[in-house]
Each structure stands twice: as structure tokens, then as C-alpha cells.
Amino acid sequence: MDDTVAIALFRHGMTAENKRRAYVGWTDSPLMPGQVFSEIPENFDRVYTSDLGRCRETANLLFPKKTAEVVPELREMSFGDWEGKTYEQLKHDTIYQKWLDDPFSISPPNGESFSAFSRRVQKGWAEMTTNMLEQRVRTSALITHGGVIRYLLSSYSPEQKDFWEWSIPYGRGYQLTCSSKGLRRGERCISLQEVPLMGKQNGSGSNIS
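Participant: Run through the overall build of the protein chain, naming residues and quoting values.
Facilitator: Each helix and strand counted, the protein chain has 7 helices and 6 strands in total. Starting at the N terminus, the α and β elements of the protein chain follow one another as β-α-β-α-β-α-α-α-β-α-β-α-β. Across the 209 residues in the protein chain, those meeting the buried criterion constitute 51%. Within the protein chain, counting contacts between residues at least 6 apart in sequence, those at least 24 apart form 73% of the total. Surface exposure of the protein chain reaches about 9,900 Å², of which carbon and sulfur atoms provide 48%.

Participant: Mind laying out the pattern of salt bridges, listing which residues take part and the relevant values?
Facilitator: Scanning the model with the defined rule gives 12 salt bridges in all. In this structure, Glu17 and Arg20 form a salt bridge, with 2.9 Å as the shortest nitrogen-oxygen distance. Here Lys91 ties to Glu88 by a salt bridge, and the two come within 2.7 Å at their closest N and O atoms. Taken together, the shared-partner salt bridges in this structure form one network comprising Glu73, Lys123 and Glu127.

Participant: Lay out the pairing of strand E1 (residues 4–11) in plain terms, naming residues and giving numbers.
Facilitator: Buried residues dominate E1, accounting for 7 of its 8 residues. Where E1 and strand E5 (residues 172–179) come together, 7 bridges link them in antiparallel fashion. The partner of Ile7 across the bridge, within E5, is Leu176. Two strands pair when backbone bridges link them, and E1 and strand E4 (residues 139–144) are joined in this way by 6 bridges, in the parallel orientation. Residue Phe10 lies in a different strand from E4, and its bridge partner there is Ile143.

Basis of the calculations
- Residues numbered from 1 in each chain as written.
- Predicted model: local features only at pLDDT ≥ 70, side-chain atom pairs only at ≥ 80, totals over all residues.
- Heavy atoms only, no water.
- Helix = DSSP H or I, 4+ residues; strand = E, 2+ residues; numbered from the N terminus.
- Buried < 20%, exposed > 50% of the residue type's maximum accessible area, 1.4 Å probe, protein only.
- Contact = heavy atoms within 4.5 Å.
- Areas by Shrake-Rupley, 256 points an atom, 1.4 Å probe, with all protein chains shown as cover.
- Salt bridge = Lys/Arg side-chain N within 4 Å of Asp/Glu carboxyl O.
- Pairing = 2+ DSSP bridges.

Following this line, the structure appears as C-alpha cells:
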């Protein structure tokens, strides 16, 4: 009988730059103080994290007894020249206006295209899940970013939605349960459930960061 693997995808806590609704891709910003995280069961066999500080900080708060394995490919999209800027600062930029209309084809200046971002995330996911299967890891937590989680859910959730249809608030996540065989083949997982991380909600997470 085929066995299953559970992977919880958690978005990092809110940062100062997130609070002012700036585009934060590869630029780092510390977590906002006073965020209340729910207790997380210690029954995850493995914890993985993006290499960016806000994810590593969140991982340390959630899993203080575990050492998270860093997966650099699972960092957020680079917004290039738009890093740290808000909609109000960019709304008159012609390229930005075009990007808002078609973010899958238009790239931020000196930033990542969506196709480059997707290939990178796919590579990181493949490396992480291959490691899990080889090490017989049955449950894991991944602390990462809104854009990364949207991409993974649009690719692997049994509930098929487009990228922007997924809502990924700060301090919440989703747990995918996959068959080992399906995970190895890159197929969609067999179930999905929401997982709260924070006792107090701090934002809807409508932007990617």
C-alpha cells in the first residue's frame, strides 16, 4: 500500500516592510514585535526554511528545539528596482503599470521574471522532497514566502486554483498530504488543510513578500 507524506507550508510572520505594504523580495526586514504565535506541535520530522532572515527568524520562534535546513531556492521573487517601494511610489511607472496587468509576462527592472522564479522554486521543491523521500521523512514544515506558497499550491494542491486565487495571510499556512509515489512523480497531492500559526491575525497578505 502506498504511504503518505505531509508537508506544512507556513508563511513567515509580518515584517516592518510588510506592514507598510512595500515590495519585499530578496530585501530583508526583521519581524514586527508583538506577534503571537500559536504553539506548534513538535511532531514534524524535519523543518525547512528559505534562506532569508524573516523566514529563519520565524522558524526559530516556531521550532526552537529544531535546526531548520535552509533551501535557498525557496526564497521570494526578486523585485529588483522595486524592492522596498510601495504602490504609491510606483503607480506612475509605466513598466509597473504593465506588470500589474500581466505579472506573468512582464518582469520588474533588474528583478526576476515569473518563469525564472517558477523554475527556481520548482528546483528547490524537488530537492527538498527528494531529500524527504530518501531520508524517509513523513512530516515536515517549510517556512517560506507568500509567492512561493502560491506557486506550490497552484502546482500541487488537489484543489486547482490559479496563482492569485490563493490567499496566504501572514502567520498561517496550508498542509499538503501527498502519496510518496505521487510526490516522486511530481503529481498533485491528495489532500489540503489550513493550518493557523498565529493567535492574532496581522494582515491578509495580499502582496507577495
